[in-house]
Structure formats: C-alpha cells, structure tokens
Amino acid sequence: MSDTIVPLTTKKDWMSDQEVRWCPGCGDYGIMQAVQQLMPDLGIAPENTVFISGIGCSSRFPYYMNTYGMHSIHGRAPAIATGVAVARPDLDVWVITGDGDSLSIGGNHLIHALRRNVNLTILLFNNRIYGLTKGQYSPTSETGKVTKSTPMGSIDHPFNPLSVALGAEASFVARTHDLDRKHMMEVFRQAHAHKGASFVEIFQNCNVFNDSAFDDITSRNAREEMMIDLKHGQPIRFGADGHKGVVMGSDGQLRIMEVADVGEDALLVHDAHREDPGLAFALARLSHDDHSATPFGVFRDVQRGDYGSMVGAQLAQASEKKGPGDLHALLRSNGTWSVD
Amino acid sequence: MTDTEERQDRQPEQISHVVVRFAGDSGDGMQLTGDRFTSVSALFGNDLSTFPDYPAEIRAPAGTVNGVSSFQVHISDHDITTPGDAPNVLVVMNPAALKADLHRLEQGGLLIINTDAFEERDLHKAGYDHNPLHDDFLSQYRVVEIPMTTLTQRATEPLGVKPRDAERSKNLFALGLVSWLYSRPTEPTIAWIENKFKDLVKESNLAAFRAGFAFGETTELFDHPYEVKPAQLPAGEYTNITGNVALAWGLVAAGQLAKLPVFLGSYPITPASDILHELSKHKHFGVRTVQAEDEIAAAGMALGSAFAGHLGVTTTSGPGVALKSETMSLAVSLELPLILVDIQRGGPSTGLPTKTEAADLNIAMFGRHGEAPLPIVAAYSPANCFDAAIEAARIALKYRTPVILLSDGYLANGSEPWKLPVPEDLPDISVSFQTEMNHTDAEGNPEYWPYLRDPDTLARPWAIPGTPGLMHRVGGIEKQDGSGNIDYSPANHSKMVHLRADKIAGIAADIPPATITGDADADVVLLGWGSTWAAIDAAVQRTRRAGTKVAWIHLTHLNPWPPNLGDLLRPFKRILVPELNMGQLCRLVRAEYLVDATPITKVQGLPFTSAELEAAIQEALS
Ligand SMILES: Cc1ncc(C[n+]2csc(CCOP(=O)(O)OP(=O)(O)O)c2C)c(N)n1
Ligand code: SF4
Ligand SMILES: [Mg+2]
C-alpha cells in the first residue's frame, strides 16, 4: 500500500541505551538477542514498533528496545496492547509476557486477545517459575515442584500454554526455546508475518530459580532425540537420521513410533494451515513433561480477520453510510423544538 | 350529539406545572409511557425534569412490589430543575404499584387506577389482605377507577387482537388518557407509534392510545382537562436529553474539539452501559468502542489508545471503578490523558444497581495505591453531562493526566430540555503532539526526554508511536524527571511525587472560581456537588421566596477545588453539605479548611427532595 521506504536498520538501531539488568546467564538475554537481530530483517522502522509488557523479569524487555514501549501492569499487557493495536493498525505491536504474567494474573486478557485475533505478536517467556518475586511456583510449574511457597511440593495441575492458546481460538501458535537463536528468529519472523494474534511460547531458562528446567529437551546433547521440529507440509519425524516419527493411531491418539516399524507413509504430515485445531492441539499435548520428546515450531497458522482491521472497516462503513460525523446533526438526532 | 357539544365546552384549566408518576409492573411498559409523555411535553415546549425509577431485576416476579417500575415527570410553564418532590397525579396499573408509590402522592392528589388488575390474586401478590379500593383507605385522594385492560381489549377487538395480546397495549391507553388530561398534542405520539411498531401491534397500540384519549374526552370522570403552557425558556433550539446521552455526545464533541479520535473501552454495567451503547452508534465520528472482557481490560485498552495518541475513555459504575484502580495509578505514573467516567449507584458491592447514590467521591479521591492524585469533575444535571465531558477531556489532555468524571444514576437516566449549544462556540481543547527532539545529551546530540515538563502546566510532552526519532519507553517504575529513565533514588522519588501532586494542584488556577448563588450575606450556605444541584436549587429558591436568606455554592470540580472556595466559605455561620452519601465532601472540606461544616446525608437510593433540604435549612437557622 504505502510507498514509504523503510530505511535499512541494523541491530544497533533496535538496541536502547539502557543497561540490561537480568541475572547473568538468564535465558532472557538470548531471546533479546534474537529479537534485536531479527528486527532489521523485517523491513520495519523502530518508530512504528511498540513493545508492551506486563510485570516480571521478562517484562523488563521493552526498556532494552529502541522502539516505543510500555512496561505496564502485571498481567494486563494484552489488554493495553489491544488498545494500541485497535487505535493504530499501522503499528507493529509486540507483547512480552511471562508465564505468571500471562497465564495467572493476566489469563483473561490473554485468551480474549487471542479470541479477538488482535494484530499482536505475543512472546511468552516460559521459565515455569515466578522469577521477579524470587521463585514461587507458576501456573506452568510441574506438579510436585518444591518452591518457597510450596515446601511440600506443588499440588496445582499446570497449564500447557499452547493448549490454552489453541483453546482460546488462537490463529497462530508456535513454540521455540532460548538456546537456539536461529530457531527463535525463524519462529518470530513467521509470528510477525501472521496478521492477527500470534502466540509464541519460548522455553526460557531461569538459572537462578528454576535452573535447567528444559535441559532434558533443549540442551545440545538432548536436542536431536527430544526436539520434534514441525515443518509445514512435511512428515513429522526427528531423532538421528529421522528414525522416529509421529503417527496417529486408530484410536485418534498421536504416538511416537520408530519409522522403521511403521513405514514412512504412516507418518503424520504437519499442516499448520488446517482450519480445525484438533491436530495442533494433539501435537501440543504430545509431551506432558520436560523429559519427553516435545514438538517445536509453528503448530498453527491460519487466516482470520484481525480485530483492528475489522474495527477500522466498521468505521469506514459507517462513514460511507452516514457521511463524516457532524456535531450539528448529532445534537439534532433525537428531535428538537424551537423557542422564539 | 348534544352531549359531545357540551363536553367540548370543557375548556382546559391552566396550571403552571404538574408532576405525573406512572407506576406499574416491570412488564407494563411504564418507562416507555413516561418517556413518551416526556417527549410530547418537550416538543410542546414545557420545561421538564424526569426521574425513572425501576428495579434491578429485568423481570422481578410479576405483580410484586419488588417488580414495580415507575417513571416520574415534572412538566412546567417555568424554569424547573427537579422531577418534583410529590407527584400530583399517580397512575397505577396494579396493586403492587399502589403499594409501592401511594405514599409519594400528595395529599388530595389524583389517583388513576387500572381496576382490572385488582383481582384477589393480584392483591395477594402485592401483599394486600384487603382490597384498598373497597374501603376508605384511599379517601384522602381523588380516586378515578378505570378498567383499563377491559377498555383496551374492547378497543382492539375489532382489529382481531386477542385479549391477551391486547393487554400489552394498556399502557398506551393510560398514555392516551393522561395525554387528554393534560391537553398534550396527539400527533407526535401517533407518529411515534406508527414508526416504532409494525402490523397488528401497531394497530393495537394506536387503537389503545386513541381509546384512552377518547375515554377522557367522553366520560364525566374528570371535570375538565388541564393545560400546562410552554415554558418561557430562552430562545433557541431545544432537545430533551438524558445524562448518559449528553455525556456520550460530550465525549464525541470532545474528540472533535481535540481533533483526536475517541477510543472507548468499556464493560457493561448499570447505569453506565447506555454510554457504551450510544458511543457505539457514532463510528462515523471515528469513535472506536470495544466491549472489553472486564473493567481492567477496558481501562487498559483506553490507556493503550492514549499512548497511541487517541482520546482514551473508559466508562463504568462503582464496582468497575474498583477494578480500574491499578490502571488509574499507572496512568498517573505514565502521565497520559485518560478519562474514567463513573456513573455512581448505590453501594457497596452490587448494592442498589438501578438506584442513585453519590458515594464514590472517596474512591475517586483516594482509591489508588501510592500518592496518586488526579483531577475530578462532577456533572450536576443531565444536560450538564455534555459540558462536563468536554471539561474532563480538556483537563486530561492539557495536563496529561487521568481524570475521573462523576455522574450518577439519577443524572444518567433523568432528562431535561437542553438548549443546543453551537458547536462553533465550544472550546478548542486540542493539544499538539511532540514531534521534535527536546534535549541535548552530554555529547551535544539531540535526544528526546519524555518527562521534560512544560514549566507552566508541568505536563510532559506527548510523543506518539510513529513519530521518527522520539522512540521512548514509559512504565510504572519510578522514573527520573526529565529523561524518564528508571530511577529509584530517594531524592528523585520525592521529587516526582511532589511534581505529580503540584501538577494536579496547579489545575486550580485553570478552572472557574466558585460563585455564590443567593444571598452572600446569609448565615447559612449550602455547599453541593453533583446531582444534588436540582434539589438544592429548588430548596434555595423556595427558602428565599419565603423571605429567608440563604446562600449556595455548587462545585463542578472536586479536585482540585476552586482556589477561592475557603475564602467564600469561612464568613458563613453555618455550612451545610447535602450529599447522597455519608458526608464525604463534608469531611474533605472540614479537613482542608478547618471549617465547621455539617453534613446532610441521604442514602436511600433516591435523590433529595427539595422539601428535605428546605427543612434542613430551616433547622440550621433555628
Ligand atoms: C498486581 C500485582 N501483583 C503481584 C505482583 C508481583 N509480581 C511481579 S512479577 C510476578 C510474577 C512474575 O512471574 P512471571 O510472569 O512468570 O515472570 P518472570 O519474572 O518469571 O519473567 C509477581 C507475582 C505485581 N507486580 N503486581
Ligand atoms: S530471576 Fe531468573 S528469570 Fe529473572 S532475571 Fe534472574 S535468571 Fe532471569
Ligand atoms: Mg516466569
């Protein structure tokens, strides 16, 4: 549409002058690097980009981006970002949130932003712990977790963030992790390209309060056998030489099988564009803990009208029908009489 | 024939004003009946004031006192402000309405009763163990008994309307009757019925309305009709307006005057929902409305829109104000414009959701964490809600601050004639966005400081996303004045707390000074705010007409107050503060000015009557 040429930016253009204050070794650094490195590739301008966060370690993120930004209220970023995105569909709006921020106190706003399909790129830093408040269990912490607030182990059943997002009618759902910059960048790129709400869960290590939570899956020596990289249009297989794959049983259950046993043709072919979210949901629930093979990549990417555009369309439709707003006419719209 | 001629001689008696109250079951259409009577009276040129009074339940058990829905309207040939203390005429459609509202009717008042609804069963439901029509229970009133349901059925029968369906038109029979009684023109109502309804329902309603009118004309139940001549209102074009519509239009106008798109985030709640409904109709003004998932989100969306350069508004009532509290504190810290509209209702909690109260002054003043002062504007009449909305927007934009605008259920649903303002005469409240760097760093490079204040207003610049070079981050963490960088240092926090307070306090110089109405040399002054305006106005007028001196100050700005308020109050021997709460403004005034103010309180979910305030004035003087 517009002919404005976005000046080429470099990673440096996207970095603010603020001192980064996460703990040394925190996974948040890697995510920030990936985002800052990706931004020049997206062909957008820092002044048209807005980062909105809630409260938590992860939510400090906007301070480090040389864009417009707001570090807002615990849990409320999706709502505030909805205001920005609906008011200004011309902007690129990102939401940065933590597992407590988005799934506990802000659960309501998250699901409604997804349901409305507000044009937001939502990055959920899931470290399965409350980092900023120094280590209480979170809605994604595993049952039995011993923390300061659960000395005898947590008895809460955790959320699966992707299941929540899919259940909330999300049109784009993906997962990546903080140790693989390239993977993150690719997932973020697709999330950004998606029009509507994009939801990305990032496995993020909190080395102070929940260290190595994802090591069994994402560490260098585990990855090959534990990470299932979803690629649209391709059979879902992983492991050394792709010896394992995902198969749907006659009972409708997804199972991980040896390809040698079931044959290549039995493998499920990943289709991120399927309207029906059932398979994406099944894939999201393929693993139930941090010690079994887990799918990554884009689970779902379907098109649905985005909220800000639809609000704008109604405004345009109303103007077309009624003409531009006229206060004289408004004041007389309920009938008047004259006194001489 | 001769009969008719005789009756046509019955010339209307001129009266200066009348208060009519329509009361019936929630399902009887009393709000509509009252509303129509109001509309024709408005078109006829009367001054008027209305008071819809209805239950919280959409359909409380039919026929019970809890399910009674009433509409009181005061029409007059002179300037009036209240819907009247006691009705002169009470129309009751069933025994429950009689039970609920009889005590309001003036002694000797006209009581028009639909006798068809006084069967054993109806009486029982209303809690009567006798039929009040059969003894001298009603002897102090002028009772007119009319079988309205039967007459409506008879009138609509030729159209083929079934008796059960015909019953639904009986409110229009009542409207027709009262329209005749007060010599209202019939054309507007007929046109309205023709427009609003279709097919058999339309025909049935028209027949009922005409039958009611003809019934008044042809029967001898009333000696003669009455007439309330048009009021001598100042020349101009008028419309009849409720507070909520006026407030919504004020917000639309504010957007136009500020040259900013309006963004409303709202979650439905009585009695504020009508503002959401009304604003949703005005998309062609560029008004965006989002029905949010809750009040927290509604406030958050409005704040997000403000960050993005819109006029952000969120509308609610008491419980919603509580939910928005954290966002209001953030808005104070971010120093962004935002308007929170609170249509107060009886509390705490769900309280009296459809009844009026003005008990949210404390939460407006103090209902945030930390030191978080913000300006408060209060509307005083239905029509004034328009100006109050513009004023709230003006302050929010100019001072980059959240503002709370207080209205209440009484103003929200009540209506009055409003002389249309000329849009060209409304104030320009536009502000400019920051587009340039405003500071130089240590190396001499230009930079943008989001908290570099205007020395006069102490407002910070407003640079919106999309502006090249002015990228910046805001947040709830304490920031350094000027640069806006995170700064937790003791001296800076103290400085920022003081700056935010000074900014709000400074608005006092930018609002109209308080003025005294009535006798400046009186012993007693009434200090009012909000919707008590109407009752105080009537009470002050009557007191003065009776030869007693009294003064009155009405506040439209509750934070900060007009700077001259203390000086105005101190000379009076007695300061009376009437409020629909337990004395919230009174306590603030005592604390601020060390004056011996006395509260006059009422917490019944009802507005003050002028008689109550007149009595309070007399008591203070004795
Ligand atoms: C209303 C409110 N309640 C509680 C807090 C305290 N608080 C701040 S961050 C946080 C949890 C953060 O956890 P998470 O969202 O997972 O972010 P992380 O720090 O792990 O990145 C809590 C409880 C707050 N700031 N505001
Ligand atoms: S507490 Fe954990 S999440 Fe927070 S900054 Fe430190 S390592 Fe990162
Ligand atoms: Mg966390």
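Residues numbered from 1 in each chain as written. Chains lettered and ligands numbered in written order. Predicted model: local features only at pLDDT ≥ 70, side-chain atom pairs only at ≥ 80, totals over all residues. Heavy atoms only, no water.

## A short note on the overall build of chain B
Scanning chain B from terminus to terminus reveals 21 helices and 25 strands. Computed over its C-alpha atoms, the radius of gyration of chain B comes to 27 Å, within 12% of the 25 Å expected for a compact globule of 622 residues. Dimensions of chain B, computed from C-alpha atoms along their principal axes, come out at roughly 100 × 60 × 50 Å. The buried share of chain B, taken over its 622 residues, is 62%. Put simply, 76% of the contacts in chain B that link residues at least 6 apart link residues at least 24 apart. Approximately 23500 Å² of chain B is accessible, and the part contributed by carbon and sulfur atoms is 51%. (Helix = DSSP H or I, 4+ residues; strand = E, 2+ residues; numbered from the N terminus. Rg over C-alpha atoms; globule rule 2.2 N^0.38 Å. Buried < 20%, exposed > 50% of the residue type's maximum accessible area, 1.4 Å probe, protein only. Contact = heavy atoms within 4.5 Å. Areas by Shrake-Rupley, 256 points an atom, 1.4 Å probe, with all protein chains shown as cover.)

## Comments concerning the sheet that holds strand S9 (residues 244-248) of chain A
Residue and element names in this part refer to chain A. An order of S8-S9-S10 is seen for the 3 strands of this open sheet, with the pairing classed as antiparallel. Each edge of the open sheet is held by one strand with a lone partner, namely strand S8 (237-238) and strand S10 (254-258). Across 2 bridges, S8 lies against S9 in antiparallel orientation. Within S9, the residue paired with Arg237 across the bridge is Gly245. (Pairing = 2+ DSSP bridges.)

## Description of the site of ligand 2
Lining the immediate environment of ligand 2, one finds A:Trp22, A:Cys23, A:Cys26, A:Cys57, A:Asn127, A:Gln204, A:Cys206, A:Asn207, A:Val208 and A:Phe209. Class assignment of the residues belonging to the shell around ligand 2 gives a composition of 7 nonpolar, 3 polar and no charged. (Near = heavy atom within 4 Å. Nonpolar A, V, L, I, M, F, W, Y, C, P; charged D, E, K, R; others polar.)

## Side note on the pattern of salt bridges
Under the defined criterion, the tally for this structure stands at 39 salt bridges over all chains. For the salt bridge of A:Lys195 with A:Asp306, the shortest nitrogen-to-oxygen distance reads 3.5 Å. You can see A:Lys195 sitting in the loop between helix H6 (181-193) and strand S6 (198-203) and its partner A:Asp306 sitting in the loop between strand S11 (294-301) and helix H11 (307-322), a full 111 residues away along the chain. Among the residues examined, A:Lys195 registers a relative accessible area of 38% and is labelled partly exposed. When the shortest N-O distance is used, the salt bridge between B:Asp523 and B:Lys573 registers 3.2 Å. Here B:Asp523, found in the loop between strand S20 (517-518) and strand S21 (524-529), pairs with B:Lys573, found in the loop between helix H19 (565-569) and strand S24 (574-579); they are 50 residues apart in sequence, far enough to count as distant. For B:Asp523, a relative accessible area of 35% corresponds to the partly exposed category. (Salt bridge = Lys/Arg side-chain N within 4 Å of Asp/Glu carboxyl O.)

## Points about the site of ligand 1
Taken together, 17 residues form the shell around ligand 1, and within it A:Cys57, A:Ser58, A:Asp99, A:Gly100 and A:Asp101 come nearest. Neighbouring residues of ligand 1 are not confined to one chain but are distributed across chains A and B. Within the backbone of A:Cys57, one N or O atom sits 2.8 Å away from an oxygen atom of ligand 1. A:Gly131 places a main-chain nitrogen or oxygen 2.9 Å from an oxygen atom of ligand 1. Compared with its free state, where it exposes 590 Å², ligand 1 has 77% of that area covered by protein. (Polar contact = N/O pair within 3.5 Å; in protein donor to acceptor, adjacent residues only side chain to side chain.)

## Re the domain arrangement of chain B
Residues and elements named next belong to chain B. Under the domain assignment used here, chain B contains domain 1 (3-228), domain 2 (239-425), domain 3 (432-510) and domain 4 (517-621). One C-alpha centre belongs to domain 1, the other to domain 4, and the line joining them spans 36 Å. Domain 1 puts 6 residues into the contact, and the matching count from domain 4 is 11 residues. Taken together, the connections running from domain 1 to domain 4 amount to 1 salt bridge. Summed over the shared surface of domain 1 and domain 4, the number is 4 residue pairs in polar contact (both at pLDDT 80 or more). When its residues are assigned to classes, the side of domain 1 that touches domain 4 shows 1 nonpolar, 2 polar and 3 charged. (Domains from an automatic or database assignment.)

## Side note on the sheet that holds S11(A)
Taken in spatial order, the 9 strands line up as S7(A)-S11(A)-S5(A)-S6(A)-S4(A)-S3(A)-S1(A)-S2(A)-S19(B) in an open sheet, and their pairing is mixed. Unpaired on one side and paired on the other, strand S7 (227-230) of chain A together with strand S19 (473-475) of chain B mark the two borders of the sheet. Geometrically, the sheet is characterised by an average inter-axis angle of 20 degrees between neighbouring strands, direction not taken into account. Across the sheet, helix H13 (residues 318-334) of chain B touches strand S2 (68-71) of chain A together with S19 of chain B, and the angle it forms with S19(B) is around 135 degrees. (Axes fitted to C-alpha atoms, helices over the stretch in contact; angles between N-to-C directions.)

## Topic: the side chain of B:Thr149
All names here are of chain B. For Thr149, the location among the structural elements is in helix H5 (residues 148-156). Assessed through its relative accessible area of 10%, Thr149 is described here as buried. In this structure, Thr149 is in contact with Asn114, Asp116, Glu167 and Lys170, ignoring residues within four places of it in sequence.

## Points about the side chain of B:Ser179
Residues and elements named next belong to chain B. Within the secondary structure, Ser179 sits in helix H7 (residues 170-181). Residue Ser179 is classed as buried on the basis of its relative accessible area of 1%. At 2.6 Å, the side chain of Ser179 forms a polar contact with the backbone oxygen of Leu175. With residues up to four places along the chain from it excluded, the contact list for Ser179 reads Phe37, Arg184, Phe209 and Phe213.

## Remarks on the coordination of the magnesium ion (ligand 3)
Residues and elements named next belong to chain A. Looking at the magnesium ion (ligand 3), the protein donor atoms are Asp99 (OD), Asn127 (OD1) and Ile129 (O), and they sit 2.0 to 2.2 Å from it. Along the chain, the residues donating to the magnesium ion (ligand 3) are arranged with the sequence spacing D-x27-N-x1-I. Of this pair, Asp99 sits in helix H3 (residues 99-105) while Ile129 sits in the loop between strand S4 (121-126) and helix H5 (161-167), and the two are 30 residues apart along the sequence. An identical accessibility class is assigned to Asp99 and Ile129; each is buried. (Donors = N, O, S within 2.8 Å, 3.2 Å for Na, K, Ca; no water.)

## Details of the interface of chain A and chain B
Chain A puts 57 residues into the contact, and the matching count from chain B is 68 residues. Between chain A and chain B the total buried area reaches about 5400 Å² when both faces are included, carbon and sulfur atoms providing 64% of it. The tally of links between chain A and chain B comes to 2 salt bridges. Residues A:Arg332 and B:Glu237 are paired through a salt bridge, measuring 2.8 Å at the closest nitrogen-oxygen approach. (Buried area = accessible area lost by both parts, 1.4 Å probe.)

## Comments concerning the packing of helix H2 (residues 30-44) of chain B against helix H8 (residues 187-196) of chain B
Residue and element names in this part refer to chain B. At a minimum axis distance of 9 Å, the contact between H2 and H8 shows a crossing angle of 130 degrees. As far as their axial angle goes, H8 and H2 are oblique. With respect to the hand of their crossing, H2 and H8 are arranged in right-handed fashion. Where H2 abuts H8, its residues Leu32, Arg36, Val40 and Leu43 lie against Pro188, Thr189 and Trp192. Per-class residue counts for the contact of H2 with H8 are 5 nonpolar, 1 polar and 1 charged. (Parallel < 35°, antiparallel > 145°, perpendicular 65-115°, else oblique. Left-handed = near helix turned anticlockwise from the far one by under 90°.)

## Side note on the packing of aromatic side chains
If you walk through the whole model with that rule in mind, you get 21 aromatic pairs over all chains. The interplanar angle of 80 degrees and the centroid separation of 5.4 Å between the aromatic rings of A:Phe203 and A:Phe296 together place this pair among those described as edge-to-face. You can see A:Phe203 sitting in strand S6 and its partner A:Phe296 sitting in strand S11, a full 93 residues away along the chain. For the pair formed by A:Phe203 and A:Phe296, the shared burial category is buried. Plain terms: the ring middles of B:Trp180 and B:Phe222 are 5.9 Å apart, the flat faces sit at 55 degrees to each other, and that makes the pair tilted. Of this pair, B:Trp180 sits in helix H7 while B:Phe222 is found in the loop between helix H9 (199-218) and strand S8 (226-228), placing the two residues 42 residues apart along the sequence. Comparing B:Trp180 with B:Phe222 shows no difference in burial state: the two are buried. An aromatic cluster is built from A:Trp22, A:Tyr29, A:Phe51, A:Phe61, A:Tyr64, A:Trp94 and A:Phe125, whose rings are joined through pairwise contacts. Above the plane of the ring of A:Tyr307 lies A:Arg116, whose end atom (NZ or CZ) is 5.9 Å from the centre. (Phe/Tyr/Trp six-rings, centres within 6.5 Å; stacked < 30°, edge-to-face > 60°. Lys NZ or Arg CZ within 6 Å of the ring centre and 35° of its normal.)

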